[in-house]
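Close look at the chain arrangement
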Amino acid sequence: MDQKGYRRGSFQSSTSDEDMLEIAGASLDFSMADDDPPLDREMGGFSSYNGGGMNGTSTMMDFLEEPLPGVGTYEDFNTIDWVREKSRDRDRHREITSRSKESTWALIHSVSDAFSGWLLMLLIGLLAGSLAGLIDISAHWMTDLKEGVCLAGFWFNHEHCCWKSNTTFTDRDKCPEWKSWSQLILGHGEGAFAYILNYFMYVIWALLFSLLAVLLVKGFAPYACGSGIPEIKTILSGFIIRGYLGKWTLVIKTITLVLAVSSGLSLGKEGPLVHVACCCGNILCHLFTKYRKNEAKRREVLSAAAAAGVSVAFGAPIGGVLFSLEEVSYYFPLKTLWRSFFAALVAAFTLRSINPFGNSRLVLFYVEFHMPWHLLELVPFILLGIFGGLWGAFFIRSNIAWCRRRKTTKLGKYPVLEVFVVTAITAVLAFPNEYTRMSTSELISELFNDCGILDSSKLCEYINDFNSTKGDDLPDRAAGPGVYTAMWQLALALIMKVFITIFTFGMKVPSGLFIPSMAVGAIAGRLLGVAVEQLAFYHHDWAIFSGWCSPGADCITPGLYAMVGAAACLGGVTRMTVSLVVIMFELTGGLEYIVPLMAAAMTSKWVADAIGREGIYDAHIRLNGYPFLEAKEEFSHKTLAMDVMRPRRNDPPLTVITQDSMTVEDVETIINDTTYSGYPVVVSRESQRLVGFVLRRDLIISIENARKKQDGIVSTSIIYFTDHSPPLPPSSPSMLKLRSILDLSPFTVTDQTPMEIVVDIFRKLGLRQCLVTHNGKLLGIITKKDVLKHIAQLANQDPDSILFN
Amino acid sequence: FCEFLFPQASMMFAQCTQKRASSVLLMVLLCCILPPLAQASKSSEDIRCKCICPPYRNISGHIYNKNVSQKDCNCLHVVEPMPVPGNDVEAYCLLCECKYEERSTTTIKVIIIIYLSVVGALLLYMAFLVLVDPLIRKPDAYTQPLHNEEENEDARSLAAAPTPSGARTNTVLERVEGAQQRWKRQVQEQRKTVFDRHKMLS
């Protein structure tokens, strides 16, 4: 096992684990307002523990009965023991149920314990919805701040500023209360100088916002950068990252997300909203003992919180639950399904009542048309799917290459400068083109929009023939000059977005990638849709069109093509399947478009999978070396457990502790000399028959506590793990019983067990380590890190890239 | 949000094992302020029915706003005065698109002001940490927390270690200082993991 140790500088190995020592050593300070305090040897043991502890008058029986504070907790960057956590929760539940028959108070306690989960979900939904409303309204306002300011009240954005005033039909967006910067400074809004001034102010504001964001992230909460979903996936699989879901991370992520989105960078807010929701979940867990003390239960709550996060991002509660199930969670019991749905609904309802967009919609780009589509249109939809898959694979490859370069070369040493340069490039390139100047959500909204009589945007400038209009149902028309201008501007926007997103995702500001990929897909879809529409208009006598698209009928809806394109690109990047389709269908509010969406999503997933196996989040997990055991892939090699176990042939033999013949000094020597996170306990060195497994952290805590609090424990005291103390001459010092920290049921496999079964056991049970026996005798140990390295080796990847344990 | 405006006070709170009480207070504050805000003060200027009518024959396009309830939000109630004679009204109204919109200016104002005050407070705190703090702590040789220090890490940790142990006077100021030091060290660790060693969040 190459696990980290406590002492700095005394570790002899020269593997990459050496770096981990620094993390372990310095993270031994405690975070009082955070999770359980980690152990800190340097600070002199127990006197600095705050969370209660043993008072000095406890007897030896108390010492044995009550668990010490710190026993059963985990260090930073370690994996939890799912089996232990689940059995602890069952014990707790059993105790409460048995005690509930004793008194009314105990009965109330048991009922409230059962309801605490639902109350927690309610609180998470409320908080997540409120924060999402805050983010939406602030981002909306700050995005418009780049262009001008409202004189009627600086807190209004453009749309709300012009709400009250009487606008004319032709000039629907202009009103006297809203002044662009050139109008404010120069007094007029026309002319070359005004344009340059507007350009300049736009760039300045964008730079200001992004610099502020990166400085806040760097100064207060460095964990708040990036998307957050890869790390949350790892946390939900059992990894511990202290501070990742803490208060400061929550505040900074919320604030800087608004700043990053408003600065015009090509990023979205959906991924970070999941992180924000999980932070809310983690913080609210501290209110309830049931969830505060148990890491496995807490992860159930975090799964539900992730569902609430996606639900407020898209206004899609069902899609959120499915996203949590498919993408984010590792174990998803059925109980969590119902609770996640509840949390997602509460969050969506809270957001709706805050009403950020003024029309009771939760998303800016809600689609309201229900035009029918024809079966022959499946061909362009599948083409869009192929485009989505190709773009997804291309994006993942280039983004990972760029992020790897950022990790390993000098580029990573200048994060603030990098953000500055990328924002400058984005702002300078984005302003001239009106489709990149507007915020990406608005762009998607405009692209999804079906052109009606009342739309005045360039994209809807068709040549109208008013005599044949019946109501609002416009037929297919020839494109006017506005449409042609819009087409080439959109093509330029597409190229720009395709390339700039590669450099933007992964920067040291909160960044999501749902919205940029949807934008790329929507642009491509709309272009294709308009092309098909014009083709059908000008060549309506061709065989493929004559059957169903007579002149004067409205058959092709370019907005639908944009939607399908958006779904295809999003699916190509993230490899979502069910959750993507459900989110898109909740966005459209109807079942008409399920078939095109599914066709595009499936095609894009197949094409993208043919090129590269992993989605963007799994690729980032692998890039960072997180110990995430992929649950979806089959292990198909024929290796055996003895090929993977440690010690290998040339290694020193397995370090074990005997059950009743080692002294305190011997055990301390072992702990100091090795860095393993646990030791098997055997009957004796000769027999090597297995008794159990004991964790390093528990050993250290117990021995230190015993040295301080128990009488007569010296370095030559014998430590025993059996029920009854071994017979010894009466002159020997008093013995230390540590049976309470011994795990009597460690998982074992024989050395001939195929690795596919071992990997399956690790996945299904969530083990950290597994002992290997041969003919009933202990032979070696397999840890999760060994399994990950083995899988990486067989996949011809670098096994040293698995960093954490 | 008081907790975030006064982080020292909040650290104190955490130490007094009123951590739970303060979290509950904060949650109650948040959850009970924002949703009722949304329903609060729906003043008459915050709802409207907006009808957009395109050009029709020789009449130019026009936008009509009127403050009516949702069930009265249609062309017949809102478009006044009707520009076309009686028999054309139906054809004209078919072209018009009416939407019911409502908003809450109070919510928007409150949220923007909350957001700006939090940003301002964070900026002030950052300025305090960068400029004022090192001057106060000159005897402690605690270097500025916002710069990456790979060389000074051992010196810094040794210098910072004596603070919590030893003579714990347990005064309010000492505890606040201790909490702040601990928080700074945490942030430092995070910064090293993310920015310097690139171990996480590439």
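Keep in mind that this is a model prediction, so the values were computed, not measured. (Residues numbered from 1 in each chain as written. Chains lettered and ligands numbered in written order. Predicted model: local features only at pLDDT ≥ 70, side-chain atom pairs only at ≥ 80, totals over all residues. Heavy atoms only, no water.)

**What about the overall build of chain B?**
So the rule is basically this: Strands are runs of DSSP state E lasting at least 2 residues, helices are runs of H or I lasting at least 4, and numbering of each runs from the N terminus. A 1.4 Å probe rolled over the protein chains alone gives each residue an accessible area, and that area as a share of the maximum for its type sets the label: buried under 20%, exposed over 50%, partly exposed in between. Contacts between residues were defined by any pair of non-hydrogen atoms, one from each residue, lying within 4.5 Å. Note on areas: these come from Shrake-Rupley sampling with a 1.4 Å probe, and a residue is covered only by the protein chains present in the view.
The secondary structure content of chain B amounts to 8 helices and 3 strands. Reading the helices (α) and strands (β) of chain B from amino to carboxyl end gives α-α-α-β-β-α-α-β-α-α-α. Considering chain B as a whole, with its 202 residues, one finds that 45% of them fall into the buried category. Long-range contacts, defined as pairs at least 24 residues apart, comprise 62% of the intrachain contacts of chain B with a sequence gap of at least 6. Total accessible area on chain B is roughly 10,300 Å²; 62% of this is exposed by carbon and sulfur atoms.

**A look at the nonpolar core**
Under the convention used in this document: Remark: nonpolar core denotes a set of buried residues (Ala, Val, Leu, Ile, Met, Phe, Trp, Tyr, Cys) joined through side-chain atoms within 4.5 Å.
One finds Phe220(A), Phe314(A), Phe448(A) and Met518(A) to be the most contacted residues of the largest nonpolar core, which totals 201 residues. Tallying contributions element by element places helix 4 (residues 104-145) of chain A first for this core, with 14 residues. Apart from the residues within four sequence positions on either side, Phe448(A) is in contact with Phe365(A), Val367(A), Phe369(A), Met518(A), Ala522(A), Arg526(A), Gly559(A), Ala562(A), Met563(A), Ala566(A) and Met584(A). Judged by nonpolar contacts, the second largest core, of 22 residues, contains Phe169(A), Cys75(B), Val89(B) and Tyr92(B).

**Considering the domain arrangement of chain A**
Quick note on the threshold: Boundaries between domains were set according to an automatic or database domain assignment.
By domain assignment, chain A separates into domain 1 (123-162 + 177-354), domain 2 (375-464 + 473-624) and domain 3 (641-795). The gap between the C-alpha centroids of domain 1 of chain A and domain 3 of chain A is 45 Å.

**Observations concerning the pattern of salt bridges**
All names here are of chain A. Selection criterion: The rule for a salt bridge is simple: a side-chain nitrogen of Lys or Arg has to be within 4 Å of a carboxyl oxygen of Asp or Glu.
According to the stated counting rule, one finds 24 salt bridges over all chains in the structure shown. Between glutamate 295 and arginine 299 there is a salt bridge, with its nearest N and O atoms 2.9 Å apart. Of this pair, glutamate 295 and arginine 299 both sit in helix 12 (residues 295-314), separated by 4 residues, roughly a single helical turn. Accessibility classification places glutamate 295 together with arginine 299 in one group, the buried group. Here the salt bridges do not stand alone but share partners, grouping Asp89, Arg92, Asp113, Lys297 and Glu300 into one network.

**As for the state of the cysteines**
We count it as follows: Disulfides are defined in this document as cysteine sulfur pairs within 2.5 Å.
Counted by the stated rule, this structure contains 7 disulfides over all chains. Covalent S-S linkage joins Cys150(A) and Cys161(A), the inter-sulfur distance amounting to 1.9 Å. Here the S-S torsion is close to 80°, and the disulfide linking Cys150(A) with Cys161(A) is therefore right-handed. Here the residue Cys150(A) occupies a position in strand 1 (residues 148-150), and Cys161(A) occupies one in helix 5 (residues 158-161), the gap between them amounting to 11 residues. The residues Cys150(A) and Cys161(A) share a single accessibility class, namely buried. Cys53(B) shares a disulfide with Cys96(B); S-S distance 1.8 Å. Residues Cys53(B) and Cys96(B) are joined through a disulfide that is right-handed, its torsion about the S-S bond being 120°. Of this pair, Cys53(B) sits in strand 1 (residues 47-53) while Cys96(B) sits in the loop between helix 5 (89-95) and strand 3 (97-102); the two residues are 43 residues apart in sequence, bridging distant segments of the chain. An identical accessibility class is assigned to Cys53(B) and Cys96(B); each is buried.

**Remarks on the side chain of Asp81(A)**
Residue and element names in this part refer to chain A. To keep things clear, this is the line we draw: In this tally, Lys and Arg are treated as positive and Asp and Glu as negative; His is ignored, and so are the chain termini.
Tracing the chain through its elements places aspartate 81 in the loop between helix 2 (60-65) and helix 3 (82-99). Within the buried core, aspartate 81 has no salt-bridge partner, and the shortest N-O distance to an opposite charge, that of arginine 84, equals 4.5 Å. Ignoring anything within four residues of it in the chain, the contact list for aspartate 81 reads Tyr74 and Arg768.

**Points about the domain arrangement of chain B**
Per the domain assignment, the segments of chain B are domain 1 (46-103) and domain 2 (108-136). One C-alpha centre belongs to domain 1 of chain B, the other to domain 2 of chain B, and the line joining them spans 48 Å.

**Some points on the UniProt feature "transmembrane region" (unreviewed entry) in chain B**
Our working rule: UniProt positions are given in the numbering used here, feature names are shortened, and annotations may be inferred rather than shown by experiment.
Here, UniProt's "transmembrane region" (unreviewed entry) annotation points to residues 110-132 of chain B. Annotation note: span residues 110-132 of chain B, helix share 100%, strand share 0%, distance between end C-alpha atoms 31 Å.

**Focus on empty space enclosed by the protein**
The rolling of a water-molecule-sized probe over the atoms marks out the regions of remaining empty space. Residues and elements named next belong to chain A. Which entries qualify depends on this criterion: Using only the protein atoms, space was sampled on a 1 Å grid; points where a 1.4 Å probe fits but cannot get out form cavities, open sets with protein on both sides within 12 Å along at least five of seven lines form pockets, and lining residues are those with an atom within 4 Å of a point. Grid points are joined across faces, edges and corners, and a volume is the space filled by probe spheres set on the points.
Roughly 410 Å³ of internal volume is contained in the second largest cavity. Those elements giving two or more residues to the lining of the second largest cavity turn out to be helix 4, helix 9 (247-262), helix 16 (415-430), helix 17 (434-437), helix 18 (440-448) and helix 19 (481-504). Considering each element in turn, the lining of the second largest cavity owes the most residues, 4 residues, to helix 4.

**Points about the packing of helix 22 (residues 558-574) of chain A against helix 23 (residues 578-588) of chain A**
The angle between the axes and the distance between the axes are what describe a pair of packed helices. Residue and element names in this part refer to chain A. Rules: Between N-to-C directions, angles cover 0 to 180 degrees, with each direction set by a line fitted to C-alpha atoms, over the stretch in contact for helices. Any angle from 65 to 115 degrees is called roughly perpendicular, while one under 35 is roughly parallel, one over 145 is roughly antiparallel, and all others are oblique. It is the rotation of the near helix from the far one that decides the hand of a crossing: anticlockwise by less than a right angle makes it left-handed, clockwise makes it right-handed. Think of it as three bins: nonpolar holds Ala, Val, Leu, Ile, Met, Phe, Trp, Tyr, Cys and Pro, charged holds Asp, Glu, Lys and Arg, and polar takes everything else, Gly as well.
Two elements in contact, helix 22 and helix 23, have axes separated by 10 Å at closest approach and are oriented at 155°. Comparing the axis directions of helix 22 and helix 23 gives the class roughly antiparallel. Regarding helix 22 and helix 23, the two cross each other, and that crossing is right-handed. When helix 22 is examined against helix 23, the residues Met563, Ala567, Leu570 and Gly571 are found in contact with a partner set consisting of Leu580, Met584 and Thr588. Classifying every residue of the contact of helix 22 with helix 23 by side-chain character gives 5 nonpolar, 2 polar and no charged.

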